[in-house]
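Examining the three-dimensional arrangement
What follows is each chain in one-letter form.
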Amino acid sequence: GDQVGDAGNFLGKGGVDRYSNAIAYQSPSVNNLCASVAFVPEEGKKDTGGIILGGEFSNENIFVGLSNVNLKKGNATGGTDAQSTTQLLANYKVSNALRLMTVYQNTSNLGYASTPKLTIIGAGVAYGFSPKTTVKAHYYQAGETVDKAKDGATMIAAGVDHALSDTTTAYIAYAGMTNEDKASYTSLNWGHGD
């Protein structure tokens, strides 16, 4: 997060974001399960706002999260349909040193129009050489929004984090993006900027 190659460069295209003035409730954890709901208010403009539902399971080695973000059509100028994004993510701690992760995200009515959709898949790995030094890498792929649109992309990112203290981390990161002819994804913007 917040480095070049941040997963948000892809996942954020589906409307998964932080929303101002939302009201949320998260349930207590029962048998490693919890659920949440958030309401995004309309704030003076008709058919805006939305609802976010989520659930997660976590224990010492496994995390699985499932969420749905449903945003009303008025969130986009000229929108005709509500946009809905479903995301499933999982993280598995193989050992104290090795972690694996994967994510699947599907957005229907992308851009609040009835036809476009966006499916994103990703996988990553992190290996801790020591309590202070971690090597990490991930791969993401965004599909075409409509058949033969040539607007898909792939991204790879790799890096090393080294904790200098409890409050300071030095890192080096590399990211590469491959866009199809009509795609304009970047590995820079999300949480980082140019």
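Quick caveat, the model's predicted, so the values are computed rather than measured. (Residues numbered from 1 in each chain as written. Predicted model: local features only at pLDDT ≥ 70, side-chain atom pairs only at ≥ 80, totals over all residues. Heavy atoms only, no water.)

Note that Gly111 resides in the loop between strand S6 (98-108) and strand S7 (117-128). Remark: the alpha-carbon pair of Gly111 and Ile121, spanning 10 residues in sequence, is separated by 19 Å. Contact partners of Gly111, with chain neighbours within four places excluded, come to Ala76 and Gln83. (Helix = DSSP H or I, 4+ residues; strand = E, 2+ residues; numbered from the N terminus. Contact = heavy atoms within 4.5 Å.)

The next thing to look at is the side chain of Asp6. Within the secondary structure, Asp6 is located in the segment before helix H1 (8-11). Residue classification places Asp6 among the buried positions, given a relative accessible area of 11%. At 2.8 Å, the side chain of Asp6 and the backbone nitrogen of Gly8 are in polar contact. Beyond its immediate stretch of four places on either side in the chain, Asp6 contacts Gly1, Met155, Ser187 and Trp190. (Buried < 20%, exposed > 50% of the residue type's maximum accessible area, 1.4 Å probe, protein only. Polar contact = N/O pair within 3.5 Å; in protein donor to acceptor, adjacent residues only side chain to side chain.)

Now for the sheet that holds strand S2 (residues 33-40). Taken together, 10 strands build an open sheet; the order of strands is S1-S2-S3-S4-S5-S6-S7-S8-S9-S10 and the sheet is antiparallel. With partners counted over all chains shown, the strands left at the sheet margins are strand S1 (23-26) and strand S10 (169-179), one partner each. Within this sheet the neighbouring strands show an average axis-to-axis angle of 10°, counted without direction. As defined by bridge partners, S6 adjoins S7 across 11 bridges and the pair is classed as antiparallel. The residue of S7 that forms the bridge with Tyr104 is Ile121. (Pairing = 2+ DSSP bridges. Axes fitted to C-alpha atoms, helices over the stretch in contact; angles between N-to-C directions.)

All right, on to the pairing of S7 then. Residues in a regular strand point their side chains to alternate faces of the sheet. Residue alternation in S7 divides its side chains into a buried set, Leu118, Ile120, Gly122, Gly124, Ala126 and Gly128, and an unburied set, Lys117, Thr119, Ile121, Ala123, Val125 and Tyr127. Alignment of S7 against strand S8 (residues 133-142), held across nine bridges, turns out to be antiparallel. Paired with Gly122 across the bridge in S8 is Tyr140. From the end of S7 to the start of S8, which pair antiparallel, there are four residues.

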